[in-house]
Amino acid sequence: MKLLLVEDDESMSRALRLALERRGFEVEVAGNGNDALQRLRFATPDLTLLDLTIPGMDGLAVLQKARSHGVMAPILVLTARGAVGDRIQGLNAGADDYLAKPFDLDELEARIRALLRRAQGEPEAALECGPL
């Protein structure tokens, strides 16, 4: 699965990228909002991990513009802004999930896998009605 990590802190993005790659994910990194929006629209990652405090266009604007351009892939906000109001704002802007820093890596992986399962959907069962 291809993930887009949008994080401007180089040490955080390096550590998180390495940890996620060890867990079997392919990870691309974007360090600012403009680059993130372009990659969301044209590189089509399976899931995006989006920090809100990034240079250029902030994470909420990236989220809103991505959704307005039809980006349907799951977006998990991963940020230091952990207040209830911030979480509500992020979810209302189009985030599929919201996780505040600091976080547990096992929980992050579980949330990523849950969002990916939902995005892939359940296999459709054949509907039968008598001999039809």
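Just above, that's the structure.
Residues numbered from 1 in each chain as written. Predicted model: local features only at pLDDT ≥ 70, side-chain atom pairs only at ≥ 80, totals over all residues. Heavy atoms only, no water.

### Points about the sheet that holds strand β3 (residues 47-50)
Pairing is parallel in the open sheet, where 5 strands are placed in the order β2-β1-β3-β4-β5. Of all the strands in the sheet, just β2 (26-30) and β5 (97-100) have a single pairing partner and so form its edges. Going across the sheet, the axis of each strand differs from the next one's by a mean of 20 degrees, ignoring polarity. (Pairing = 2+ DSSP bridges. Helix = DSSP H or I, 4+ residues; strand = E, 2+ residues; numbered from the N terminus. Axes fitted to C-alpha atoms, helices over the stretch in contact; angles between N-to-C directions.)

### Considering the packing of helix α2 (residues 33-42) against helix α3 (residues 59-68)
Taken N-terminus to C-terminus, the directions of α2 and α3 make an angle of 25 degrees; their axes are 10 Å apart at the nearest point. Here α3 runs roughly parallel to α2, going by the angle between their axes. The crossing of α2 and α3 is right-handed. Judged by residue contacts, Gly33, Ala36, Leu37 and Leu40 of α2 engage Val62, Lys65 and Ala66 from α3. (Parallel < 35°, antiparallel > 145°, perpendicular 65-115°, else oblique. Left-handed = near helix turned anticlockwise from the far one by under 90°. Contact = heavy atoms within 4.5 Å.)

### Here we look at the environment of Gln64
Within the secondary structure, Gln64 sits in helix α3. Along the sequence, Gln64 and Glu26 sit 38 residues apart, while their C-alpha atoms lie 25 Å from each other.

### Brief notes about the packing of helix α1 (residues 10-22) against helix α5 (residues 105-120)
Closest axis-to-axis distance for the α1/α5 pair is 11 Å, and the angle between their directions is 65 degrees. Viewed along their axes, α1 and α5 form a crossing whose handedness is right-handed. Where α1 approaches α5, its residues Leu16, Ala19 and Leu20 are matched on the opposing element by Leu105, Leu108 and Ile112. Its residues placed into classes, the contact of α1 with α5 shows 6 nonpolar, no polar and no charged. (Nonpolar A, V, L, I, M, F, W, Y, C, P; charged D, E, K, R; others polar.)

### Overview of the side chain of Thr79
Take Thr79: it is sitting in strand β4 (residues 75-79). Classification of Thr79 by relative accessible area gives buried; the value is 0%. Within the local environment of Thr79, its side chain forms a polar contact with the side chain of Asp51, the two groups lying 3.2 Å apart. Sequence-distant contacts of Thr79, defined by excluding residues within four places in its chain, comprise Asp51, Leu52, Tyr98, Leu99, Ala100 and Lys101. (Buried < 20%, exposed > 50% of the residue type's maximum accessible area, 1.4 Å probe, protein only. Polar contact = N/O pair within 3.5 Å; in protein donor to acceptor, adjacent residues only side chain to side chain.)

### Things to note about unusual backbone geometry
In terms of backbone geometry, most residues other than glycine have negative phi values and most peptide bonds are trans. The omega torsion of the bond from Lys101 to Pro102 falls at -5 degrees, within 30 degrees of zero and hence cis. Inspection of the secondary structure puts Pro102 in the loop between β5 and α5. Here Thr44, not a glycine, exhibits a phi torsion of approximately 40 degrees, which is positive. For Thr44, a relative accessible area of 54% corresponds to the exposed category.

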